[in-house]
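Examining the three-dimensional arrangement
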Amino acid sequence: MQDTPNTFSHQHASHCESGVMSAIVRHYGLPLSEPMALGLSSAVSFAYLPFIKLGGLPLVAYRMPPRAIIRGLQKPLGIRMRTETFRSTARGEARLNSLLDEGKVVGLQTSVFWLPYFPGDMRFHFNAHNVLAYGRDSASGEYLLSDPVFEEPMRCAPADLARARFARGVLAPKGLLYYPETRPSEPDWGKAVPAAIRKTVRIMLRAPIPLIGIRGMERVARAVERLPASGDLQKSKLFVGHLVRMQEEIGTGGGGFRYMYASFLEEAASLAARPALTELAGELVEIGDGWREFALATARMIRDRDPFDPARLAALLRQQAAREKTFFGSLDRAIQ
Amino acid sequence: MDANEVPQEGNATLGGHRKAMYARGADGRIGIVPSSGWEAEEIVTLQAVEDLDRLAADARKRARAGSTSPLEYHMYKARMDLTLLSQISGIWAWRVRRHLRPDIFARLRPALLARYAEALGISVDQLKRVD
């Protein structure tokens, strides 16, 4: 594939993987918004995996696992993505350099903790962050990075980037880099949109295990309800705070994902000529607001502005589960 | 959420950066609105940071009193726990737990110290000290 001369333009996005993938697709000639990248790859979801621990707390995700967007866009856009991982840091670094020398833009999975440009309070050991490398400064050797969650492009010294790419632990990136081998082409929206939505509906409503989708939310609600409401509340509060962090923080975004998916539905409504989706977008915005209310109620309890009340938080979660159940049911009918 | 409801309360943990939020604009369409932060989010982020800081401060005190090894302090300071340090260093958790004992830590081979130092991103000298 012939590469585009270096005219990369950085764009601010709300989530790392959807931001990187929409930037790659745009760079290779097809205008694609971040919400479109999220929706077309059917990446909105919910998962509660109590047996995977991050800092002693269960993995809670409001979207599909890392790489779902990279893989999921291949079929609808007819774009072949190549992904490579490495055993040795030196080989991973050499490969990245040679791809950049060819003029490619390259997606990278990294740890957040080892990226020095992240503000100190946000540096946790979260290994599934995505950034896009679009060049190197020939004088200093620094990488030019487009990190979608920042407003401006960033720079990173080679040693730091190597460390972030080869961080170990849960979701270790193993130096993962990815780039397109073919150019994207505009899909038949009338087919691609319903197919992508159908997949999301299936995951949310009919996942085979009760930890995924709506049933996962109900499961979390039960876990919250069981938290002790008196005595040493430190651990209980860390658990509910964690639910909100997974929902709101950079790189994830729960309420955020609902708003972004609403934006996808709105855009998809006109592309696929299905006006019913516009109305559903409005409903999903309200569901996003519900997640923000849950976050606010939780934060107030953590700071003791309100008494710690797990039953109330569980009720809010059940309400969200019920609303999303109705919503995805309507979405299912709207694309029949 | 409407664009004018996107929180602009400032969030110290963002370090002056702004986040992209999707909200409904005046034209009725949903698009990106930069947000300078939300207090609720600041609270939950600081909660996690403060918890780790508290563990590090507590370990520091005990390390100075000689009841734990400096390794425990440096582990929390690098925002890790025992599981994570074990995964990152490739040293079994039961061994890491043993190395938190000051007498055992003091006898560690340089090669093992170097592995811990590498995992924590500090020098062996720093690892042996509690600043």
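As the structure is a computational prediction, the values presented were derived from the model and not from experiment. (Residues numbered from 1 in each chain as written. Chains lettered and ligands numbered in written order. Predicted model: local features only at pLDDT ≥ 70, side-chain atom pairs only at ≥ 80, totals over all residues. Heavy atoms only, no water.)

Side note on the overall build of chain A
As a reminder, the rule being used: The helix count covers DSSP runs of H or I at least four residues long, the strand count covers runs of E at least two residues long, and both are numbered beginning at the N terminus. Values of the radius of gyration come from C-alpha atoms, whereas the globule rule sets the reference at 2.2 Å times the count of residues to the power 0.38. Throughout, exposure labels follow a simple rule: accessible area from a 1.4 Å probe, protein chains only, divided by the maximum for the residue type, with under 20% read as buried, over 50% as exposed, and the rest as partly exposed. The criterion used for residue contact is that any of the two residues' heavy atoms lie within 4.5 Å. Under the convention used here, a 1.4 Å probe and the Shrake-Rupley method define accessible areas, while residue burial counts only the protein chains that appear.
Regarding its fold elements, chain A presents 12 helices and 8 strands. In terms of overall size, chain A behaves like a compact globule, its C-alpha atoms giving a radius of gyration of 20 Å where 336 residues would be expected to give roughly 20 Å. With the principal axes as the frame, chain A shows a C-alpha extent of 60 × 50 × 30 Å. Burial analysis of chain A (336 residues in total) assigns 62% to the buried set. In chain A, of all internal contacts separated by at least 6 residues, the share reaching a separation of at least 24 is 69%. Per element, the accessible surface of chain A, about 13000 Å² overall, is 51% carbon and sulfur.

Quick notes on the packing of helix α1 (residues 39-64) of chain B against helix α2 (residues 70-77) of chain B
All names here are of chain B. Rule in force here: In this description, a line fitted to the C-alpha atoms serves as the axis of each element, helices being fitted only across the stretch in contact, and the angle between N-to-C directions of two axes falls anywhere from 0 to 180 degrees. Orientation is classified from the angle alone, with under 35 degrees giving roughly parallel, over 145 giving roughly antiparallel, 65 to 115 giving roughly perpendicular, and any other angle giving oblique. Here is the rule for handedness: rotate from the far helix to the near one, and if that takes an anticlockwise turn smaller than a right angle the crossing is left-handed, while a clockwise turn gives right-handed. Under this grouping Gly is polar, as are all residues other than the nonpolar Ala, Val, Leu, Ile, Met, Phe, Trp, Tyr, Cys and Pro and the charged Asp, Glu, Lys and Arg.
The N-to-C vectors of α1 and α2 enclose an angle of 165°; their axes lie 8 Å apart at closest approach. Our classification of the angle between α1 and α2 gives roughly antiparallel. Taken as a pair, α1 and α2 cross one another with a handedness that is left-handed. Between α1, through L52, L55, A56, A59, R60, R62 and A63, and α2, the contact on the second element is made entirely by P70, E72, Y73, Y76 and K77. Classifying every residue of the contact of α1 with α2 gives 8 nonpolar, no polar and 4 charged.

Some words on the sheet that holds strand β6 (residues 143-146) of chain A
Residue and element names in this part refer to chain A. As a reminder, the rule being used: Think of it this way: DSSP has to see at least two bridges between two strands before they count as a pair.
With antiparallel pairing, the 6 strands of this open sheet are ordered in space as β3-β8-β4-β5-β6-β7. The two strands at the open ends of the sheet, each matched to only one other strand, are β3 (81-84) and β7 (154-156). Each adjacent strand pair in this sheet contributes to an overall mean axis angle of 35°, direction not counted. Both strand β4 (residues 106-110) and strand β5 (residues 129-136) contribute to a ladder of 5 bridges, which runs antiparallel. Considered in β5, the bridge of Q109 is made with N130. Lying over the sheet, helix α6 (residues 158-165) contacts β4, β5, β6, β7 and β8 (177-180), oriented at roughly 65° with respect to β4.

Notes on the pairing of strand β2 (residues 57-63) of chain A
All names here are of chain A. Across the 7 residues of β2, 7 count as buried, placing the element largely inside the fold. Pairing geometry for strand β1 (residues 44-54) and β2, over 6 bridges, is antiparallel. Bridging from a neighbouring strand, A47 pairs with A61 of β2. The antiparallel hairpin formed by β1 and β2 contains 2 residues in its connecting segment, where G55 sits at a positive phi of about 55°.

What about the interface of chain A and chain B?
Put simply, an interface is often sized by how much accessible area is lost when its parts join up. Test applied: A 1.4 Å probe defines the accessible area here, and the buried area is the portion of it lost by two parts on being joined, summed over both. Any Lys or Arg side-chain nitrogen found within 4 Å of a carboxyl oxygen on Asp or Glu counts as a salt bridge.
Contact with chain A, which involves 51 residues of that partner, is made by 45 residues of chain B. Taking both sides of the interface into account, the surface hidden between chain A and chain B amounts to around 4000 Å²; carbon and sulfur atoms contribute 56%. Viewed at the interface, chain B and chain A are joined by 5 salt bridges. Breaking the side of chain A that touches chain B down by element, the ones donating at least two residues are α2 (34-40), α9 (234-248), α10 (254-271) and α11 (276-302) of chain A. In terms of residue count, α11(A) provides more of the side of chain A that touches chain B than any other element does, 9 residues in total. Looking at side-chain class alone, the side of chain A that touches chain B contains 24 nonpolar, 11 polar and 16 charged residues.

Focus on the domain arrangement of chain B
This is how the line gets drawn: Each domain's extent is set by a domain assignment, obtained either automatically or from a database.
By domain assignment, chain B separates into domain 1 (1-37) and domain 2 (42-128). One C-alpha centre belongs to domain 1 of chain B, the other to domain 2 of chain B; they are set 38 Å apart.

A few points about the packing of aromatic side chains
All names here are of chain A. Note the following rule: Stacked, tilted and edge-to-face are the three classes applied to pairs of Phe, Tyr and Trp rings, where Trp contributes its six-membered ring and a pair requires centres within 6.5 Å; stacked means planes under 30 degrees apart, edge-to-face means over 60, and tilted covers the rest. The rule is short: NZ of Lys or CZ of Arg within 6 Å of the ring centre and within 35 degrees of the ring normal puts a charge over the ring.
Within the structure shown, the criterion is met by 12 aromatic pairs over all chains. Ring geometry for Y261 against F264: centres 5.1 Å apart, planes inclined by 45°, an arrangement best described as tilted. Taken together, the residues span about one helical turn, with Y261 and F264 both in helix α10 at a distance of 3 residues. Pair check on accessibility: Y261 and F264 agree, each one buried. What links up through ring pairs into an aromatic cluster is the set F46, Y62, W291 and F294. Lying over the aromatic face of F113, R123 brings its terminal NZ or CZ to 5.2 Å of the ring centre.

Observations regarding the pattern of salt bridges
Residues and elements named next belong to chain A. The full count for this structure, using the stated rule, is 23 salt bridges over all chains. The shortest N-O distance in the salt bridge between E181 and R80 comes to 3.2 Å. Separated by 101 residues along the polypeptide, E181 in the loop between β8 and α7 (189-206) and R80 in the loop between α4 (74-77) and β3 bring together distant segments of the chain.

Topic: the UniProt feature "domain: Butirosin biosynthesis protein H N-terminal" (unreviewed entry) in chain A
Definition in use: UniProt positions are given in the numbering used here, feature names are shortened, and annotations may be inferred rather than shown by experiment.
In the numbering adopted here, UniProt assigns the feature "domain: Butirosin biosynthesis protein H N-terminal" (unreviewed entry) to residues 15-148 of chain A. Its end C-alpha atoms 7 Å apart, residues 15-148 of chain A is made of 31% helix and 29% strand.

A look at the environment of K19(B)
Residue and element names in this part refer to chain B. What counts is decided by this rule: Think of a polar contact as two N or O atoms within 3.5 Å of one another; within protein, one of them needs to be a possible hydrogen donor and the other a possible acceptor, and neighboring residues in sequence only count if both atoms come from side chains.
Among the secondary structure elements, K19 is positioned in strand β1 (residues 19-24). Residue classification places K19 among the buried positions, given a relative accessible area of 9%. At 2.7 Å, the side chain of K19 forms a polar contact with the side chain of E41.

Considerations on the environment of A315(A)
By the secondary structure assignment, A315(A) is in helix α12 (residues 310-334). Distance from A315(A) to E225(A), taken between C-alpha atoms, is 8.5 Å for residues 90 residues apart in sequence.

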